[in-house]
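Chains, contacts and geometry: an overview
Now for the letters of each chain:
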Amino acid sequence: MALATAFIAAAGSSSAFAAVHHSRAESPPIHARKAATALYVSGYAPAQFLHAYALDRLACSSDAAHPCGSGQTVGIIDAYDDPTVEADLQTFDAQFGLPTCTIANGCLTVATPQGLPPADSTWAGEISLDVQWIHAIAPGAKILLVESIDRYSDNLLAAVDYAVNHGASVVSMSWGGAETSDETADDSHFRASGVSFVAASGDKGSGTQYPAASPYVIGVGGTSLPLDASGALTGPETAWSGSGGGASVYETQPAFQANFGIAGAMRSIPDVSLDGDPTTGVAVYDSTPFNGTTGWYQFGGTSASTAEWAGLLAMANSLRTSPLTSTPGVLYQAATGSAYAADYRDITLGTNGNCGTACSAGPGYDLVTGLGSPLGSGLIPFLAPGAAPAPTPTPTPTPTPIPTATPTPTPTLTPTPAPTPTPAPTPTPTPRPTPSPTPTPMPTPTPTPVPSQSMYTLDAFGGLYPDGQSPTFYAGVLWPNWNIARSAALLPDARGGYVLDGYGGLHPFGSAPAASGAAYFPNFDIARDVALLPGTASPQGYVLDGWGGLHQFGGAPAPRATGYWKNWDIAKRVVILSDGTGGYVLDGWGGLHEFAVGSNPMPPSITNFAYWPNWSIARGIALTPGATRASVSGVTLDGWGGVHQFGSAGAITGLSGLWVNWDIARAVSLSADSSAAQLRGWVLDGWGGIHAFGGAPPVPSGGYWPNRDVAKQLLTH
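Thresholds applied
- Residues numbered from 1 in each chain as written.
- Predicted model: local features only at pLDDT ≥ 70, side-chain atom pairs only at ≥ 80, totals over all residues.
- Heavy atoms only, no water.
- Helix = DSSP H or I, 4+ residues; strand = E, 2+ residues; numbered from the N terminus.
- Buried < 20%, exposed > 50% of the residue type's maximum accessible area, 1.4 Å probe, protein only.
- Contact = heavy atoms within 4.5 Å.
- Areas by Shrake-Rupley, 256 points an atom, 1.4 Å probe, with all protein chains shown as cover.
- Core = buried A, V, L, I, M, F, W, Y, C linked by side-chain atoms within 4.5 Å.
- Disulfide = S-S within 2.5 Å.
- Pairing = 2+ DSSP bridges.
- Axes fitted to C-alpha atoms, helices over the stretch in contact; angles between N-to-C directions.

Scanning the chain from N- to C-terminus turns up 10 helices and 33 strands. Buried positions account for 57% of the 717 residues belonging to the chain. A fraction of 67% describes how many contacts in the chain between residues 6 or more apart in sequence connect residues 24 or more apart. Surface exposure of the chain reaches about 25,500 Å², of which carbon and sulfur atoms provide 57%.

Looking at soluble globular proteins, one finds that nonpolar side chains tend to be buried together. Ranked by size, the top nonpolar core spans 72 residues in total, and within it Trp309, Leu313 and Tyr344 carry the most contacts. Broken down by element, this core gets its largest block of residues, 9 residues, from helix α7 (residues 302-318). If sequence neighbours within four positions are ignored, tyrosine 344 has contacts with Val272, Trp309, Leu331, Ala334, Ala335, Leu371, Gly372, Ser373, Pro374, Leu375 and Leu379. By size, the runner-up hydrophobic cluster in this structure holds 25 residues, among which are Ile77, Trp123, Val146 and Ala199.

Right, let's get into the state of the cysteines. In protein chemistry, a disulfide is the covalent bond that joins the sulfur atoms of two cysteines. Under the criterion given, the structure shown has 3 disulfides. Between cysteine 60 and cysteine 68 runs a disulfide, and the two sulfur atoms are separated by 2.0 Å. Handedness of the cysteine 60-cysteine 68 disulfide follows from its S-S torsion of about 85°: it is right-handed. Each of the two residues, cysteine 60 as well as cysteine 68, counts as buried. Cysteine 101 shares a disulfide with cysteine 107; S-S distance 1.9 Å. Between cysteine 101 and cysteine 107, the S-S torsion sits near -90°, and that sign places the bridge as left-handed.

Across the 8 residues of helix α10 (residues 376-383), 6 count as buried, placing the element largely inside the fold. Considered for burial, the residues of α10 that qualify are Gly376, Gly378, Leu379, Ile380, Pro381 and Leu383. Residues of α10 that are buried sit in contact with α7, α8 (327-333), α9 (339-343), β14 (344-345) and β15 (373-374).

Right, let's talk about the sheet that holds strand β24 (residues 571-576) for a bit. Here we have 3 strands laid out as an open sheet, ordered β24-β25-β26, and antiparallel in their pairing. Either end of the sheet is taken by a strand with one partner, and the two such strands are β24 and β26 (592-596). Going across the sheet, the axis of each strand differs from the next one's by a mean of 25°, ignoring polarity. In this structure, strand β25 (residues 582-587) lies alongside β26, joined through 5 bridges in antiparallel fashion. When the bridges of β26 are listed, leucine 586 appears paired with leucine 592.

Let us now look at the environment of proline 381. Examined against the element boundaries, proline 381 turns out to sit in helix α10. Classification of proline 381 as buried rests on a relative accessible area of 5%. Sequence-wise, proline 381 and arginine 320 are 61 residues apart; in three dimensions their C-alpha atoms are separated by 9.7 Å.

This is how it looks when you write it as structure tokens:
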């Protein structure tokens, strides 16, 4: 819904200012993707949205006593009256299982300090969007809806002051208008300590507007967010063509943008973004007639992304000892160094006009999507140190998920990834590892080995490809157009095996798409890896969930009591020793955790094999052939293609860092002639290219899907 081009924010809150400021009223355009329906049928549900931005991994998301946003008040500033706002919110809450928020229980307050405004169907839709989605993201927060008497900027800014004076720690303004030469006089409304202000960047593409252009306000842009029913991305999040952005005409560049390295002398917007494309919009219930209809709508626009950011900031405030202040600058700090990749999803595709670079999304900050979209599992802990992640079950997908893309060996998009500066580890709230053992020096690299064993690449849709060939292996494209493959395991004779889907389902090579009876976590996309026990008469083994829990084939959905990091999705890979007595689980920081087959003594603490504490870049693990409990050796893969011996130091070595500063490594395998003293093997990049240890960055002739990041795993036999 786009109420982002409505006003010239030019007046103060008194008649004295009215003579100087030229307040203007404009009708706010609303982006309704589809006509209203009596029952909910379209628009993203809260659980999908929260999962897409990793906001469901925080402890507050599953804490009924202290839900996200607890102790905070969000001020929503809108014009005119929505007579059905409370009833519509109750309908929304009932549909999606959210806590009840009413005037009677103190959750919702509707304030009309300028007198009761007349009803307006256009603004009623905006109010429904703002109230429902702030409550969806921060259900523990109180909502203070301040209704301005009209749509003039002087009264809207007076409503902002009212919200601040009545305890709001976040103020949401899903409106704006063309910049004017006297706008800087209104910046004083946004200088309150301990209050975060968010405003829409606009819905007409390239260009700026106020109050988003104020350096004291977080300007919010819009993206296009393709999701499946579980909230998983079905393609890249891209810039929405309507997202406003550009350099202000009147506001000078604040220090937090200059220090970040943004060129120019004037304030740039947006600062950040979120889903705003109406075609990937959110569900909203509105019973005040809009164009003669009522019911469930699918709304979008930068006003939607603004309200959603307001909910996110309330979530962060609830996990702090005091509310955020000077928040725009803090958001740029969260994008500095290695924190950037953990805290934001950098939006690098899409445009909002025909003005070249200024209208194109690209690596790092841009004038279309700002710093990008939030990754709650990283950004919230950054804003609120100590915030612990926890899972929230994702919504149940339809029995047969609808395909969202058609993969082909030749990509339809050919982006050229650009390296970013070498990240430097920035502490995030992670378990503290015990000291690492004395590093084991990496051996001098040997000449590039020639593959002497069968090799297969798994794509994201369950397809297996042998030795650089593109044809399907064993007709094993299990879920065409559905990116849910997580791992694969070959049988000892290499004549078959299993592919693991994201819900824990095991599928023999070439089987039908339907999940088998061994689906461990139906409708909950947390499966991470599969490993077969060696030497068994019939296939046996384990599935790894994202919290470190190991499940025997056909096991029950509930995590076992020996899960490592219950409620913390950091498990990356599992391997089993050649004698079948046990194995290791790899966490995202390179930590190895031992388990014994059968008894499974799995300690929750990170062991002394933690390579990169506080830096989640581990991608894969491989044991040296013949490794046993008495003699264990192997390698861990980081996201840049660097290979590290077990127990080695945290620094990435120059020996095998294949793609320095470019996080595309996906899997690692050791060759059959490897030993602890002489490691040989290959690294798989995200486009299917296989690189020998120490090899050069270019993808060799066996690159399967250049420019398309769908490779998931490398298997050797």
